[in-house]
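Listed below are the residues making up each chain.
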Amino acid sequence: WFGNNKNILLIIQTVSKKSLLFTLCLSHFSSLTLFEYCALSLGAGGWSPLDSDHYQWLQVDLGSRKQVTAIATQGRYSSSDWTTRYRLLYSDTGRNWKPYHQDGNIWAFAGNSNTESVVRHDLQNPTVARYLRIIPLDWSEEGRIGLRFEIYGCPYWADVINFDGQGVISYRFKMKKMKILKDVIALKFKTSESEGVILHGEGQQGDYITLELRRGRLLLNQYGSILGHTSVTSGSLLDDHHWHSVVIERYRRNVNFTLDQHTQHFRTNGEFDHLDLDYELTFGGMPYSGKPVSGGRRNFKGCMESINYNGENITDLARRKKLDTSSFRNLTFSCVDTHTFPVFFNDTSFLQLPGRRDHNMVSVGFQFRTWNPSGLLLFSSLADGMLELALNNGKVTAHINVTQQKNMHVDISSGSGLNDGEWHDVRFLAKENFAMLTTDGDEASAVRTTSPVQITTGSTYHFGGKFRNLQSPKLTSPIQRSFQGCMQLIQVDDQLADLTAVEQGRMGAFENVSLDMCAIIDRCMPNHCEHGGRCSQTWDGFTCTCDGTGYTGATCHTSVYEQSCEAYKHLGRSSDSYWIDPDGSGPLGPFKVICNMTEDKVWTTVVNNLPAQTAVTGSSRERRTVLQLNYSASMEQVTAITNSAEHCEQHVAYACRMSRLLNTPDGTPYTWWVGRGNEKHFYWGGSVPGIQKCACGIERNCTDSKYYCNCDADQKQWRDDSGLLVYKDHLPVSQVAVGDTNRPGSEAKLTVGPFRCYGDRSYWNAASFNTPSSYLHFSTFQGETSADISFYFKTSAPYGVFLENLGNTDFIRLELKSPTVVSFSFDVGNGPVELNVHSPIPLNDDQWHRVSAERNTKEAILQLDQKYKEVRPAPTQGHTRLELYSQLYVGGQRGFLGCIRSLKMNGVTLDLEERALVTPGVKPGCSGHCTSFGMYCRNGGKCVEKYNGYSCDCSTTAYDGPFCSKDVGGFFEAGTLVKYNLVPEVVAAASSLDEKSVIHNLPVETNLTREDLTFSFSTSTSPSLLVYVSTKTQDYMAVVLRHNGRILSNFRCLSVSLLLAETGYIDPVIIEKYNTPGFVGCLSRVQFNSIAPLKAALRSRGSVPVSHQGKLVESNCGASPLTIPPMSAATDPWHLDAERVIPDGVNRNSAIIGGIIAVVIFTILCTLVFLIRYMFRHKGTYHTNEAKGGESSESADAAIIGTEANFTETIDESKKEWFI
């Protein structure tokens, strides 16, 4: 029942095989803006059908179209009957029903759990309709379906115009040739046609704007200037004969295009802001000229209402005959509905229709639409066989099998890609020795066969797939998948099926079908696949293909690349080219940069396309030559690097001959450059903003002191002005305008180097939470349909909340629940969801751990340390939007003790340090990076703590590079040697004094009881002396390579490297026997105790006691390639190409490995020798102390030994040789 202030009685309809209508309460419509159906808390009774099954529904007629905003339900009064879940359908005519949609799904409303409580739902998308239908889905387990309900909403009225596909409405401007800067166009339409022009306007200059339907999608085309064509598509399935709302807002080149509350923002192409239109816009088609519409475009056929153009009500003007409507044959201001009675099938449905029995011809036809590539469309049992029409991989196939003719069969197929969601027409005809299958009425698609076959029809046809009680148990369908989709205009034996009679039970049968409704959903519109991912769908869901996008995940949301070169370094990567994605899941795409990992900095380089020394001629101040620079990344991408970098720079050089650079009489320079923001800059490399000078002007060393640039002296000799631009807010250089090369003899050459930055402030942006109650707060997190969160943390606490954000009921939270469990929990309206990842090791170990979490419409993911992961699929139906209202709390209001850094949310880095500066209990930054990253410092390199990271100190190793993993080697020619003074000069000078003086001046690390020596070598000549260590006594150590290639060690102490000690004893036998003509080859990785003598010689800065004679050239010795090789591959005999093989066929890497193995064995043997000597130390020993003989020590060594009271050392009086 429904009432208003005039007590007008409206109609309620129910359907049931046996239905009961209980008394429903009467409510008065006492307001013009609110109507109710049955005031729930006041009345008794309710609706309850006798049979509680899924075929029941309750329908209400509101009398006229109303805007429905909410619905509330209650169980039947004083009973055990209530409805726990239901759907809402609506319609303008009581036919062609449409289910209410929300969050991209056919929405199921939560109902009641008892008879008295009222459950109200405000519609997220208010609906305009006259008829409403409630479909119970689930009900009380204690009773049956029971319902009382109220509907809330407002009156609705709109002018409607029916377009017949011929007529158009012309709206003429008050002035011809309007130059339009701003447009606002709004209208609603409904149609069952997939093609048609809705709006069109054009001008004599070629400008135009068109809004039209193409294949059921809305297409907006605009052409406003040369190269100004813009085309945007929105929506799909718009030929469903339901109302759709369109709003187009254009200001200059910025456009908001809204279809059914989904808005696209874009900027039109071209250079001009206005549209040059002639004098009219036409609605419903192209301008009427009495000729057929050109270009194959059809006029719109259907209904429009509330047409509004820049404040003008077009429908009202047409009604009052203020517009030209002469092209209409019969203009009507009401919507003429053409009803086709669609049928909706799910995966358990079928529709059975009768046919002529024992007939010798089969003739069936229907239209269908679906997203599934396969499914059974039609099955019929013939008198002696079977007929089947199916969709296989997007094609319609027909299969006839006749059993009485020795299994004669017919197989034909037609069409392709028919699972695109659009309506497709199928016609099948079969009779004696003939069959024909046609799709979409296209004769070209018709497939015929003349196979000898006899047809005798059965009595029934099953549409949709699930059929029962077949006449022959031997006849089974090869298509196991049922059809999911819609059908309409079903014909059997050339007669249109009366589906109204089927609905009323007067003919045929059906199961689990929805009659008079097509509930198809386009799950790819709007496209939930981000970053260019390709969406494909079936009836139940969609999938995203992310190949080639640089992103991964169910919706292509997460970048597969690191955010910066800094991040790659801390994964242990070396210098190379890498793809980076500074904003992660943000709108910027990944791009390639060059990463140079130095010892203390990580440089990011973006190259440009301007060749070095680009010649510029013929330019003047009136007509400058503008050189455009294009980079390997877009300006937005480069800006992302700049914003997070600590320092950026770009080298510029201007070589000139009679070409002035900056100085001019009126102050405007001859040459300027354009940077970020398209601003001109009048300073040059080496100077700073606001100072119109070059580097020499700043340093006051220009060629002519009267000028501030060398080139401004205007001399005939070649001069140069170069330097670094370091003000990063102006970088990079995008253009250079040169203006003084048009005079005779005037020349200039311009070089703009690559753009370089170091540091990543976002990667190391950190905060330390020092008290359990400390936290940082930020603005509300906006992650409605997709959200990703990533950060690093370290703590010694067993639990704590990393971050949380709350809504009314929705929330999102990340926390450490226990020492080994990280939790990600959220609620988007379907109930709380919690993902837990377990770690095999404690996470409160004060080491850095990485957490990443993502939630989208498909799934939720939680990942720890890029190893441990949990994935939870999203429910197939339900809420998908995360609605938060409170502030975002980092550190959590429930407490976290430790550090959080590099916190990114949807690609945006939160500035923890800035907020920590003004927050009690929180400090910016976090120390202790070496505890997590110190492992990357190799070969004895020491990890050095820094405020924003760490670095590896390689000074005491024989290696170089950011991780002390780069070999340092040298190529020795004949006669080349390196000499390192193991004893400083002050100690050598003191050797003539007392022993105590010498002792106090010795290096602390000096140890005479053990020597450690490692090295690698490669040579093709022998014999040669590899290493020789001398002393002030006749003790020495030598490693030589004999004639037969075996290593000979002659020593009292052992080590490997090309060393000669300061003026000590040199054994002439060793030198003569093994160092003639001398070592020729490559040595690397040379380490003697804590000294790297070869590295010191190659990296000498003057303060190290090392020298060399002969030519010493740095080389990688084939061990590892250098980032910038000091010598070219052509001149470096130890440079290894990928396919180079040494002459004797042995791979040089094997030789190096063999050398290393030999050295290791040699070291082991040496250790054994020392042990043996220690065990037999009573033989051949002498004793000394400071009181006795200290003054008469023969060498510094003897003086050192004498400093320890009980020192005992064994010296073998005879020299021995060991072969390795």
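Residues numbered from 1 in each chain as written. Predicted model: local features only at pLDDT ≥ 70, side-chain atom pairs only at ≥ 80, totals over all residues. Heavy atoms only, no water.

### Considerations on the overall build of the protein
Note the threshold: What counts as a helix is a DSSP run of H or I of at least four residues, what counts as a strand is a run of E of at least two, and both are numbered from the N terminus. Under the scheme applied here, a residue whose accessible area is under 20% of the maximum for its type counts as buried, over 50% as exposed, and between as partly exposed, the area being computed with a 1.4 Å probe on protein chains only. In what follows, a contact means two residues having at least one pair of non-hydrogen atoms within 4.5 Å. Only the protein chains shown count as cover for residues, with accessible areas throughout obtained via the Shrake-Rupley method and a probe of 1.4 Å.
If you tally the helices and strands in the protein, you get 13 helices and 82 strands. The proportion of buried residues among the 1220 residues of the protein is 51%. Considering only contacts in the protein between residues 6 or more positions apart, those separated by 24 or more positions represent 70%. Of the roughly 56100 Å² of accessible surface on the protein, a fraction of 50% belongs to carbon and sulfur atoms.

### Quick look at the sheet that holds strand β15 (residues 208–214)
Definition in use: Strand pairing follows a simple DSSP-based rule, namely that at least 2 bridges must link the two strands. Here an angle of 0 to 180 degrees is reported between the N-to-C directions of two axes, which are lines fitted to C-alpha atoms, with helices fitted over the stretch in contact.
Across the sheet, six strands lie side by side as β11-β22-β14-β15-β16-β17; this open sheet has antiparallel pairing. The sheet is open, and its two edges are formed by β11 (169–172) and β17 (229–234), each paired on a single side. Between one strand axis and the next, the sheet turns through 10° on average, direction left out of account.

### As for a nonpolar patch on the surface
The test is simple: Any residue with relative accessible area above 30% and no salt bridge may belong to a patch, with like charges joined within 9 Å and the nonpolar Val, Leu, Ile, Met, Phe, Trp and Tyr side chains within 5 Å. For this document, the term salt bridge refers to a Lys or Arg side-chain nitrogen within 4 Å of an Asp or Glu carboxyl oxygen.
A cluster of nonpolar residues, Ile-1157, Val-1160, Ile-1161, Ile-1164, Leu-1165 and Leu-1168, forms a patch on the protein surface that exposes about 500 Å² of accessible area. By the secondary structure assignment, Ile-1161 is in helix α12 (residues 1148–1175). Classification of Ile-1161 as partly exposed rests on a relative accessible area of 43%.

### Looking at the nonpolar core
Put simply, the rule reads: The nonpolar core is taken to be a set of buried Ala, Val, Leu, Ile, Met, Phe, Trp, Tyr and Cys residues, with the residues joined through side-chain atoms within 4.5 Å.
By size, the foremost hydrophobic cluster in this structure holds 41 residues, and its most contacted members are Tyr-654 and Trp-684. Only α3 (565–569), β42 (576–580), β43 (591–597), β44 (602–606), α4 (635–644), β47 (647–657), β51 (735–738) and β52 (747–758) provide two or more residues apiece to this core. The element that contributes the greatest number of residues to this core is β52, accounting for five residues. Formed by 39 residues, the second largest nonpolar core is a distinct cluster that contains Val-343, Val-362, Ala-430 and Tyr-461.

### Details of the state of the cysteines
Joining two cysteines, a disulfide is a covalent bond between their sulfur atoms. Put simply, the test is: In what follows, a disulfide is any cysteine sulfur pair within 2.5 Å.
Scanning the entire structure with this criterion turns up 13 disulfides. Bridging Cys-656 to Cys-711, the disulfide has an S-S length of 1.9 Å. Taking the sign of the S-S torsion, -100° for the link of Cys-656 and Cys-711, the bridge is left-handed. With a gap of 55 residues between them, Cys-656 in strand β47 and Cys-711 in the loop between α5 (695–699) and β50 (719–725) connect regions that are remote in the sequence. When sorted by exposure, Cys-656 lands in the same class as Cys-711, which is buried. Residue pairing for Cys-899: its cysteine sulfur links by disulfide to Cys-926, the two sulfurs lying 1.9 Å apart. On the S-S bond that ties Cys-899 to Cys-926, the torsion sits near 85°, and the link is right-handed. Of the two residues, Cys-899 sits in strand β64 (residues 898–905) while Cys-926 sits in the loop between β66 (922–924) and α7 (930–933), which places them 27 residues apart along the sequence. Cys-899 gets classed as buried once you look at its relative accessible area, which sits at 8%.

### Considering the UniProt feature "domain: EGF-like" (unreviewed entry) in the protein
In plain terms, the rule: UniProt positions are given in the numbering used here, feature names are shortened, and annotations may be inferred rather than shown by experiment.
Under the UniProt annotation, the feature "domain: EGF-like" (unreviewed entry) is placed at residues 520–557 and 927–965. Summarising residues 520–557: 0% helix, 26% strand, and an end-to-end C-alpha distance of 26 Å.

### Examining the environment of Ile-151
With respect to the helices and strands, Ile-151 occurs in strand β9 (residues 148–155). Given a relative accessible area of 1%, Ile-151 falls into the buried group.

### Brief notes about the environment of Gln-352
Threshold: Throughout this description, a polar contact denotes any pair of N or O atoms lying within 3.5 Å of each other; where both atoms belong to protein, one of them has to be capable of donating a hydrogen while the other can accept it, and for residues adjacent in sequence the pair is counted only when both atoms sit in side chains.
Structurally, Gln-352 is set in strand β25 (residues 343–354). The class of Gln-352 is partly exposed, set by a relative accessible area of 24%. In contact with Gln-352, not counting residues within four places along its chain, are Thr-460, Tyr-461, His-462, Gly-508 and Ala-509. A polar side-chain atom of Gln-352 sits 3.3 Å from a polar atom in the side chain of His-462.

### Some remarks on unusual backbone geometry
In this structure, Pro-526 follows Met-525 across a cis peptide bond, with omega equal to 0°. Secondary-structure assignment places Pro-526 in the loop between β37 (509–515) and β38 (534–537). Residue Pro-732 is reached from Leu-731 by a cis peptide bond, and omega for that bond is 5°. Structurally, Pro-732 can be placed in the loop between β50 and β51. Residue Met-658 is not a glycine yet carries a positive backbone phi of 55°. Locating Met-658 in the fold gives a position in the loop between β47 and β48 (672–674). In the Ramachandran plot, Gln-866 falls in the positive-phi region, its phi being about 55° despite a non-glycine side chain.

### Structural notes on the pairing of strand β29 (residues 395–402)
When you tally the buried positions in β29, you get seven out of eight residues, the bulk of the element. Taken together, the eight bridges between strand β28 (residues 385–392) and β29 define a ladder with antiparallel strand orientation. Residue Met-386 lies in a different strand from β29, and its bridge partner there is Asn-401. The sheet contact formed by β29 and strand β30 (residues 408–414) spans seven bridges and is antiparallel. The residue bridging Val-396 from the neighbouring strand is Ser-414, located in β30.

### A few points about the pattern of salt bridges
Applying the stated criterion to the full structure yields 33 salt bridges. A salt bridge links Arg-76 to Asp-81; the shortest N-O distance between them is 2.7 Å. Note on Asp-81: relative accessible area 5%, which makes it buried. Several salt bridges converge on common partners, so that one network encompasses Arg-65, Asp-92, Lys-190 and Glu-305.

### Re α4
In terms of burial, α4 is largely enclosed, as seven of its 10 residues are buried. If you check which residues of α4 are buried, you get Gln-637, Val-638, Thr-639, Ala-640, Ile-641, Thr-642 and Ser-644.

### A closer look at the side chain of Thr-325
Residue position: Thr-325 is located in the loop between α1 (314–319) and β25. Exposure remark for Thr-325: the relative accessible area of 19% places this residue in the buried category. Dropping the residues within four chain positions of it, Thr-325 is found in contact with Val-168, Ile-169, Ala-318 and Leu-331.

### Focus on the environment of Gly-75
Structurally, Gly-75 can be placed in the loop between β2 (57–74) and β3 (83–91). In contact with Gly-75, other than residues within four places in its own chain, are Asp-81, Trp-82, Asn-112, Asn-114, Thr-115, Gly-146 and Arg-148.

### Observations concerning the confidence of the model for the protein
Stated formally: Across the chain, each position has a pLDDT score giving the predictor's confidence in that residue, from 0 to 100.
Looking at the protein, the pLDDT average stands at 79 and 79% of residues meet or exceed 70. Throughout residues 1–12 the model reports pLDDT below 50, and contacts reaching past four residues in sequence, or to other chains, amount to 29 contacts.

### Focus: the sheet that holds strand β49 (residues 680–681)
Taken in spatial order, the four strands line up as β46-β51-β48-β49 in an open sheet, and their pairing is antiparallel. If you trace the sheet from one side to the other, it starts and ends with β46 (625–628) and β49, each paired once. Bridge count between β48 and β51: three bridges; the pairing is antiparallel. What sits directly across from Val-674, in β51, is Gln-735.

### Thoughts on the side chain of Thr-258
Within the secondary structure, Thr-258 is located in strand β19 (residues 254–259). Residue classification places Thr-258 among the buried positions, given a relative accessible area of 15%. A distance of 2.8 Å separates the side chain of Thr-258 from the side chain of Thr-263, its partner in a polar contact. Residues within four places of Thr-258 in sequence aside, it is in contact with Ser-245, Val-246, Val-247 and Thr-263.

### Comments concerning the packing of aromatic side chains
For the record, the criterion: Here a pair means two rings of Phe, Tyr or Trp (six-membered ring of Trp) with centres within 6.5 Å. Their orientation is stacked below 30 degrees between planes, edge-to-face above 60, and tilted elsewhere. Sitting over a ring, as applied to charges here, requires NZ of Lys or CZ of Arg to be within 6 Å of the ring centre and within 35 degrees of the ring normal.
The full count for this structure, using the stated rule, is 28 aromatic pairs. On the numbers, 5.1 Å between centres and 90° between planes, the contact of Tyr-763 with Trp-764 is edge-to-face. Given a relative accessible area of 3%, Tyr-763 falls into the buried group. Between Phe-824 and Phe-826, the ring centres sit 5.3 Å apart and the planes meet at 40°, which makes this aromatic pair tilted. The same class applies to Phe-824 and to Phe-826, which are both buried. A cation over an aromatic ring shows up here: Lys-749 above the ring of Trp-718, its NZ or CZ 5.3 Å from the ring centre.

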